[in-house]
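What follows is each chain in one-letter form.
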Amino acid sequence: LFFNSCLLLILFQMRRFFSKMAQPTNGPIASSLLEKVQSQLNPAYINLVNESHKHAGHAGNTRGTAAFEARETHFKLELVSEKFAGLPAVRRHQLVYGLLDEEFKQGLHALSMKLKTPEEAN
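Definitions and limits used
Residues numbered from 1 in each chain as written. Predicted model: local features only at pLDDT ≥ 70, side-chain atom pairs only at ≥ 80, totals over all residues. Heavy atoms only, no water. Helix = DSSP H or I, 4+ residues; strand = E, 2+ residues; numbered from the N terminus. Contact = heavy atoms within 4.5 Å. Areas by Shrake-Rupley, 256 points an atom, 1.4 Å probe, with all protein chains shown as cover. Axes fitted to C-alpha atoms, helices over the stretch in contact; angles between N-to-C directions. Parallel < 35°, antiparallel > 145°, perpendicular 65-115°, else oblique. Left-handed = near helix turned anticlockwise from the far one by under 90°. Nonpolar A, V, L, I, M, F, W, Y, C, P; charged D, E, K, R; others polar. Pairing = 2+ DSSP bridges. Core = buried A, V, L, I, M, F, W, Y, C linked by side-chain atoms within 4.5 Å. Buried < 20%, exposed > 50% of the residue type's maximum accessible area, 1.4 Å probe, protein only. pLDDT = per-residue confidence, 0-100.

Caption draft 1: Structural detail: the overall build of the protein chain. Broken down by element type, the protein chain carries six helices and three strands. Put simply, 73% of the contacts in the protein chain that link residues at least 6 apart link residues at least 24 apart. Accessible surface, the protein chain as shown: approximately 8,000 Å² in total, 57% of it carbon and sulfur.

If you want it as structure tokens, here you go:
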């Protein structure tokens, strides 16, 4: 039982390690996304994770788009910004989506977001 638990833990850690190695977030879509978000929202914290590898073969991966070719169709974004103060969650999401219109036109398919103010993050 102990051996099986150790083996599962090792396999889980290896999977996390190799999935992070295989999917850098520094392609053209991620770079543009980060540049726009940083310049417009002045975040206190930002974390962008490329999750496109989890959606390979998915209908949203439109061949021929810049995002598909760069393997940058699905991201998870965590962002803390003072610009979200007083805005409900829907309006925060609309604000970010509005900044990224061009990236969605280039094939960005999905963006999962956790958007908070500095007060909410603490």
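Caption draft 2: A look at the packing of helix α2 (residues 28-41) against helix α4 (residues 89-99). Relative to each other, α2 and α4 sit at 125°, their axes nearing to 10 Å. Classified by the interaxial angle, the pair formed by α2 and α4 is oblique. α4 is crossed by α2, and the crossing has right-handed handedness. Every residue of α4 that contacts α2 at Lys36, Gln40 and Leu41 is listed here: Leu95, Val96 and Leu99. Residues belonging to the contact of α2 with α4 are distributed by class as follows: four nonpolar, one polar and one charged.

Caption draft 3: Examining the sheet that holds strand β3 (residues 110-116) more closely. Pairing is mixed across the open sheet formed by three strands, whose spatial order is β1-β2-β3. Sheet topology places β1 (45-50) and β3 at the edges, where each strand pairs with a single neighbour. Here the strands of the sheet are splayed against their neighbours by 10° on average, with no regard to which way each runs. Contacting β1, β2 (74-80) and β3, α2 crosses the sheet at an angle of about 165° to β1.

Caption draft 4: Representation of the nonpolar core within the structure. In terms of nonpolar packing, the biggest core is built from 17 residues, with Leu33, Leu41, Phe75, Leu77, Leu79, Val96 and Leu111 touching the most fellow members. Mapped onto this core, the elements with two or more residues apiece are α2, β2, α4 and β3.

Caption draft 5: Quick look at the confidence of the model for the protein chain. Summarising the model, the protein chain shows a mean pLDDT of 79, and 64% of its residues fall at 70 or more. For the protein chain, the element scoring lowest by mean pLDDT is helix α3 (residues 66-69), at 47; α4 scores highest, at 97.

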